[in-house]
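Observations on the model geometry
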Amino acid sequence: GAPVYVTYETMDGKFVAMAMSHIRTINSTGRKIATLTDMAGERVAEYAGQLCAAVEAWADENQCQVKEVQGREGWKPLLAKHGYRPYSVIYRKQG
């Protein structure tokens, strides 16, 4: 599916937080997975709940059966507050 970008700005137009997500479909099952792939901004911790809720609503509108977040280890406490738990580990090799 097409990616979605959610941004929050102050009343004077200053950027404070954002999230990016996309949807993928598992070919063998047809299961749709919405993945929040990035959150950023100087006030992202303050807006994390709203960012997650916006992405989750978008996922529901697109009939996704799974909602997940790919992020760094430091997001774990923040995401736990919004119902997300570790599910898998990604192994990476540079070069």
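Refer to the structure above for everything that follows.
Residues numbered from 1 in each chain as written. Predicted model: local features only at pLDDT ≥ 70, side-chain atom pairs only at ≥ 80, totals over all residues. Heavy atoms only, no water.

The secondary structure content of the chain amounts to 2 helices and 4 strands. Taken from N to C terminus, the helices and strands of the chain fall in the order β-β-β-α-β-α. Considering only C-alpha atoms, the chain reaches an extent of 50 × 35 × 30 Å along its principal axes. Here the chain holds 95 residues, and the buried ones make up 27% of them. Contacts in the chain between residues at least 24 apart in sequence constitute 53% of all its contacts with a sequence separation of at least 6. Surface accessibility of the chain: about 6700 Å² in total, with carbon and sulfur atoms responsible for 51%. Treating the 12 positive side-chain charges of the chain as one cloud and the 10 negative ones as another, the clouds have centres 10 Å apart. (Helix = DSSP H or I, 4+ residues; strand = E, 2+ residues; numbered from the N terminus. Buried < 20%, exposed > 50% of the residue type's maximum accessible area, 1.4 Å probe, protein only. Contact = heavy atoms within 4.5 Å. Areas by Shrake-Rupley, 256 points an atom, 1.4 Å probe, with all protein chains shown as cover. Lys, Arg positive; Asp, Glu negative; His and termini not counted. Charge placed at Lys NZ, Arg CZ, Asp CG, Glu CD.)

In this structure, T35 sits in strand β3 (residues 32–40). Judged by its relative accessible area of 0%, T35 is buried. Polar contacts involving the side chain of T35 include one to the side chain of E68, which spans 2.8 Å. If we skip the residues at most four places from it in the chain, T35 touches M20, S21, H22, R24, E68 and Q70. (Polar contact = N/O pair within 3.5 Å; in protein donor to acceptor, adjacent residues only side chain to side chain.)

Spatial ordering of the open sheet is given by β1-β2-β3-β4, a layout of 4 strands whose pairing is mixed. A strand with exactly one partner marks an edge of an open sheet, and here the two such strands are β1 (4–9) and β4 (66–69). For this sheet, the mean angle separating the axes of adjacent strands, direction not counted, is 20 degrees. Across the sheet, helix α1 (residues 44–61) is in contact with β1, β2 (15–25), β3 and β4; its angle to β2 comes to roughly 30 degrees. (Pairing = 2+ DSSP bridges. Axes fitted to C-alpha atoms, helices over the stretch in contact; angles between N-to-C directions.)

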